[in-house]
Amino acid sequence: MTNTDETGRFLMKSRITGIIYFVEPIYNGKTPEWGDLDPATKKLTGNYGSKYTGAVTKKESLITEENGFVNIGYFKGSPFGAIEQRDREHQKRLGLL
């Protein structure tokens, strides 16, 4: 994957089920300003807040049914915890747990 610093997108393949998950952090489009503080003027320069957010807005999301994704879900917290939960549910459906 490219531009993960900017978008936060990544793929994760479960070692348990072999399912590949596409993860995309979503934010509301409001990011704090951050950049370089000029020591002489005490002003913020080079505001990078809109580029390196590590997330995308819902409008920018690639995870849509139109793009072929199924079982789309939103959650708060760690994506790894959500993936672990989905893996457990998948194993239960298959009678492995």
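Refer to the preceding data block for the structure.
This section reports on the structure supplied with the text. Along every chain, residues carry numbers that run from 1 in the direction the sequence is written. Local features in this predicted model are restricted to residues of pLDDT 70 or higher, and side-chain atom pairs are both shown and tallied only at a pLDDT of 80 or more, whereas totals for entire chains, interfaces and linings draw on every residue. The side-chain figures draw on all heavy atoms in the structure; neither hydrogens nor water molecules are used.

1. Focus on the pattern of salt bridges
Here is step 1: Salt bridge criterion: a side-chain nitrogen from Lys or Arg within 4 Å of a carboxyl oxygen from Asp or Glu. Counted by the stated rule, this structure contains two salt bridges.
Here is step 2: Salt-bridge contacts for Arg9 lead to Glu24; the nearest nitrogen and oxygen are separated by 2.5 Å. Here Glu24 lies in the loop between strand 2 (20–23) and strand 3 (36–37) and Arg9 lies in the loop between helix 1 (4–7) and strand 1 (10–13), a separation of 15 residues in the sequence. Glu24 matches Arg9 in its accessibility class, with the two residues each being buried. Secondary structure counts use DSSP, requiring at least four H or I residues in a row for a helix and at least two E residues in a row for a strand, with both numbered from the N terminus. Between buried and exposed lies partly exposed: a residue is buried under 20% and exposed over 50% of the maximum accessible area for its type, with that area taken using a 1.4 Å probe on protein chains only.

2. Topic: the packing of aromatic side chains
Here is step 1: Two rings belonging to Phe, Tyr or Trp (six-membered ring only in the last case) form a pair when the distance between their centres is within 6.5 Å. Interplanar angles under 30 degrees mark stacking, angles over 60 mark edge-to-face geometry, and anything in between is tilted. Enumeration according to the criterion identifies two aromatic pairs in this entry.
Here is step 2: Measuring from centroid to centroid gives 5.8 Å for Phe10 and Phe80, while their planes differ by 35°, and the two rings are tilted. One end of the pair, Phe10, is in strand 1; the other, Phe80, is in helix 2 (residues 79–93), and 70 residues separate them in sequence.
Here is step 3: For Phe10, a relative accessible area of 24% translates into the label partly exposed.
Here is step 4: Owing to a relative accessible area of 46%, Phe80 belongs among the partly exposed residues under this scheme.
Here is step 5: A ring pair is formed by Phe22 and Phe69, whose centres lie 5.5 Å apart and whose planes are at 40°; its orientation type is tilted. Of the two residues, Phe22 sits in strand 2 while Phe69 sits in the loop between strand 4 (44–45) and helix 2, which places them 47 residues apart along the sequence.
Here is step 6: Residue classification places Phe69 among the partly exposed positions, given a relative accessible area of 26%.

3. Some points on the pairing of strand 1
Here is step 1: Where strand 1 lies against strand 2, four bridges are found, and the strand directions are antiparallel. Pairing of Phe10 across the sheet is with Val23, part of strand 2.
Here is step 2: Pairing between strands is defined by DSSP: at least two bridges between them are needed. Counted along the chain from strand 1 to the antiparallel partner strand 2, the turn is six residues long, and its residue Gly18 has a positive phi close to 80°.

4. Structural notes on the layout of surface pockets
Over the atoms, a rolled probe matching the size of one water molecule traces out where space is still vacant.
Here is step 1: Any residue with an atom within 4 Å of a point lines the site, the site being either a cavity, points on a 1 Å grid over the protein atoms alone where a 1.4 Å probe fits but cannot get out, or a pocket, an open set with protein on both sides within 12 Å along at least 5 of 7 lines. Grid points are joined across faces, edges and corners, and a volume is the space filled by probe spheres set on the points. The volume enclosed by the largest pocket comes to roughly 850 Å³.
Here is step 2: Contributing to the lining of the largest pocket are 28 residues, with Phe22, Ile63, Gly73, Phe75 and Arg86 lying nearest its centre.
Here is step 3: Contributions of two or more residues to the lining of the largest pocket are made by strand 2 and helix 2.
Here is step 4: No other element matches the seven residues that helix 2 contributes to the lining of the largest pocket.
Here is step 5: Class assignment for the residues of the lining of the largest pocket results in 16 nonpolar, six polar and six charged. Each residue is assigned to one class: nonpolar for Ala, Val, Leu, Ile, Met, Phe, Trp, Tyr, Cys and Pro, charged for Asp, Glu, Lys and Arg, and polar for all the others, Gly among them.

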